[in-house]
Amino acid sequence: LKHLDFINVHRKDKVARIELVQGSVEKLSEEDETDLLIVYLRKRGVYKGKRDSALAGLNRCGIDLDVLEGETKPQPSYRRHYKCWLSRPLHKPRPKGLEYKRLLVYEDPGEELTKDDNIVLDVMKCLTTVIGGDIQIRSVMLPLSGALLSPSLRKHFVKVTTEVCYHWMQMGLPLTSVRVLLPNDENITKDMEIFAGMKEKLVGANLLQTKQSYDVFLSYSVAESETAMKMSDYLRTNQPNIRIYNAEPTTMMSVRDRGVVSSHMDAISHSRMFLSLLSDDYFQNVECTEAFSIAYCRHFDEQGGFILPLFWKNCDLTPLAGRLVVTEGIDCREESLDKARLLLDGILSMLQTPDSKVKPDTMSDEHSVRSTLSSTDKADTLLRSQLTVADRLMMEKQGGQQDNQHSQLFNAADPGEREDDRMVNAYFDQHWKDSWSVDFGQLVFGPR
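Calculation rules
- Residues numbered from 1 in each chain as written.
- Predicted model: local features only at pLDDT ≥ 70, side-chain atom pairs only at ≥ 80, totals over all residues.
- Heavy atoms only, no water.
- Buried < 20%, exposed > 50% of the residue type's maximum accessible area, 1.4 Å probe, protein only.
- Helix = DSSP H or I, 4+ residues; strand = E, 2+ residues; numbered from the N terminus.
- Pairing = 2+ DSSP bridges.
- Axes fitted to C-alpha atoms, helices over the stretch in contact; angles between N-to-C directions.
- Contact = heavy atoms within 4.5 Å.
- Phe/Tyr/Trp six-rings, centres within 6.5 Å; stacked < 30°, edge-to-face > 60°.
- Lys NZ or Arg CZ within 6 Å of the ring centre and 35° of its normal.
- 1 Å grid on protein atoms, 1.4 Å probe; cavity = no way out; pocket = protein on both sides within 12 Å on 5 of 7 lines; lining within 4 Å.
- Points joined across faces, edges and corners; volume = space filled by probe spheres on them.
- Nonpolar A, V, L, I, M, F, W, Y, C, P; charged D, E, K, R; others polar.
- pLDDT = per-residue confidence, 0-100.
- Parallel < 35°, antiparallel > 145°, perpendicular 65-115°, else oblique.
- Left-handed = near helix turned anticlockwise from the far one by under 90°.

As for the pairing of strand β5 (residues 100–107)
Among the eight residues of β5, seven are classified as buried, and the element is accordingly described as predominantly covered. Sheet topology places strand β3 (residues 34–41) next to β5; seven bridges connect them, and they run parallel. Opposite Leu-41, over in β5, you have Glu-107 as the bridge partner. The pairing of strand β4 (residues 84–86) with β5 spans three bridges and is classified as antiparallel. What sits directly across from Leu-86, in β5, is Leu-104.

Structure (structure tokens):
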């Protein structure tokens, strides 16, 4: 690979990098090994590409996407929501020069190339979901070749890719490297000029400041505007000083007209919580799903507690939203304000404790904070004050079920006591069971 230029992305104590490189997808050295290669398909099921495309490069290396798809068995929800599927790990030994661990395949549903900039946004939303799960991805290669090869399209995608990746990574998406790959034997002067212009623009902008301008970022679709106003009124009635950012999206403006990264990003970075009303209308609006994905980057960076989703209407949840509803939110179907108040009251309770959010400089030195406490009571008070709304919400949801769960686990009237039960009772008394028992059926596996 020929390294042309780069942009450093600073977040907290880490530095990531967006690189502009030139070369071929199948001619990487071992030092250039990359976790993920983005592959673009003009149509689902069409696995033959132009000579200079990433798809053609894979074919030359003996990688058959048709076979790989069959072995991977892509998740239908990823295809529905992101138009992407993630391959299984490529087996070693890999073909020489093909130094990628996995592929992320984007299947164009129609005229995405000329209609809008949804390709890059869909890829980033899918990446955010994948990284939020249990798959470790730190480096990505995005080749602008094949269908993306024409100079007019390529220079536009250089701008879009650079801008989207920069903001997602700066907000907290834990990628360390994104490489934008330009083809060989092409005039790339204009692409380099565009990348240099984006570098000057992005590095000069100080989007992420330390102060928080809003308490709640309220994200909803146009169809839920009336409900959102009722919730805003409820919060303001009980907390007159609350600062709410109402992010009602536009309905007619295209992504390209309004800009790839919406104006809401700055408000998301300066809010304490992100409250979203999930419905079909929400997931069909690009601006809503974009805001949700950006918010999750910060949610991920803060190890949870930022996004508070309300499952407002029955709909096809994205894989990411489905995880968060279970671990962080409330199921309010269908449009139950009474159930939503549990979450709204949790927000109000959180805001009544000004210091409940741990400051960045103290989070990294938790041991020294606790060492200053002179008693167990003080330690308990500190830990309770640091609970997020999601933590409190989970405790509230589980509190009413706890006694019943313990009763079902240990106190069931069974006339014939099993040998295992007698062994347990010999070592663990009822107080220990009530305090420490775990019903493994209640465990939820997610990004937290």
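Text resumes after the structure shown.
Quick word on the sheet that holds β4
If you trace the seven strands from one edge of the open sheet to the other, you get β1-β2-β7-β6-β3-β5-β4, paired in mixed fashion. Strand pairing shows two members of the sheet lacking a second neighbour, β1 (2–11) and β4, which therefore form its edges. For this sheet the average axis-to-axis angle between neighbouring strands, irrespective of direction, equals 20 degrees. Packed onto the sheet, helix α5 (residues 118–131) meets β3, β4, β5 and β6 (139–143) and runs at close to 135 degrees relative to β5.

A word on the packing of aromatic side chains
In total, this model carries nine aromatic pairs according to the counting rule given. Their ring planes at 40 degrees and their centres at 6.3 Å tell us that Phe-274 and Phe-306 sit as a pair that is tilted. Of this pair, Phe-274 sits in strand β10 (residues 271–278) while Phe-306 sits in the loop between α12 (286–301) and β11 (307–311); the two residues are 32 residues apart in sequence, bridging distant segments of the chain. You can call Phe-306 buried: its relative accessible area is 0%. Counting every residue linked through ring pairs, the aromatic cluster contains Tyr-214, Phe-217, Tyr-245, Phe-274, Tyr-282, Phe-283, Phe-292 and Phe-306. Sitting above the plane of the Phe-6 ring, Arg-17 keeps its charged end 3.8 Å from the centroid. Positioned over the ring face of Phe-6 is Lys-199, at 4.9 Å from the centre of the ring.

Focus: empty space enclosed by the protein
The method is simple in principle: a probe with the dimensions of a water molecule rolls over the atoms, and the space it marks as empty is what remains. One pass over the full model with this rule turns up one cavity of 30 Å³ or more. What lines the largest cavity is Ser-219, Ala-247, Pro-249, His-264, Glu-287, Cys-288 and Ala-291. Considering each element in turn, the lining of the largest cavity owes the most residues, three residues, to α12. In the lining of the largest cavity, the residues fall into four nonpolar, two polar and one charged.

A short note on the confidence of the model for the protein
Chain-level statistics for the protein give a pLDDT mean of 78 and a share of 70% at 70 or above. Contacts of residues 355–386 to residues separated by more than four positions or lying in other chains number 20 contacts, the stretch itself having pLDDT below 50. Confidence drops under a pLDDT of 50 for residues 401–417, and excluding neighbours within four residues, the segment shows 15 contacts in the predicted structure.

What about the packing of helix α8 (residues 225–238) against helix α14 (residues 337–351)?
Two packed helices can be described by the angle between their axes and the distance between those axes. Two elements in contact, α8 and α14, have axes separated by 11 Å at closest approach and are oriented at 45 degrees. When the axes of α8 and α14 are compared, the pair comes out oblique. In terms of crossing hand, the pair formed by α8 and α14 is right-handed. Facing α8, whose interface residues are Lys-230, Met-231, Tyr-234, Leu-235 and Asn-238, α14 presents Leu-337, Ala-340, Arg-341, Leu-344, Asp-345, Ile-347 and Leu-348.

Some words on the sheet that holds strand β9 (residues 244–247)
With parallel pairing, the five strands of this open sheet are ordered in space as β9-β8-β10-β11-β12. One side of each edge strand has no neighbouring strand; the edge strands of this open sheet are β9 and β12 (330–331). Here five bridges tie strand β8 (residues 214–219) to β10, and the two strands are oriented parallel to one another. Note that in β10 the partner of Val-216 across the bridge is Met-273. Lying on the sheet, helix α13 (residues 319–328) is in contact with β10, β11 and β12; it crosses β11 at an angle near 100 degrees.

So, unusual backbone geometry
A cis geometry characterises the amide bond from Lys-92 onward to Pro-93, with omega recorded as 0 degrees. Relative to the helices and strands, Pro-93 resides in the loop between β4 and β5. With an omega of -15 degrees, the peptide bond running from Arg-333 to Glu-334 counts as cis. Mapping Glu-334 onto the fold places it in the loop between β12 and α14. Positive phi, normally seen in glycine, also occurs at Lys-73, with a value near 55 degrees. Note on Lys-73: relative accessible area 68%, which makes it exposed. Phi angles above zero are rare outside glycine, and Glu-335 is one such case at about 55 degrees.

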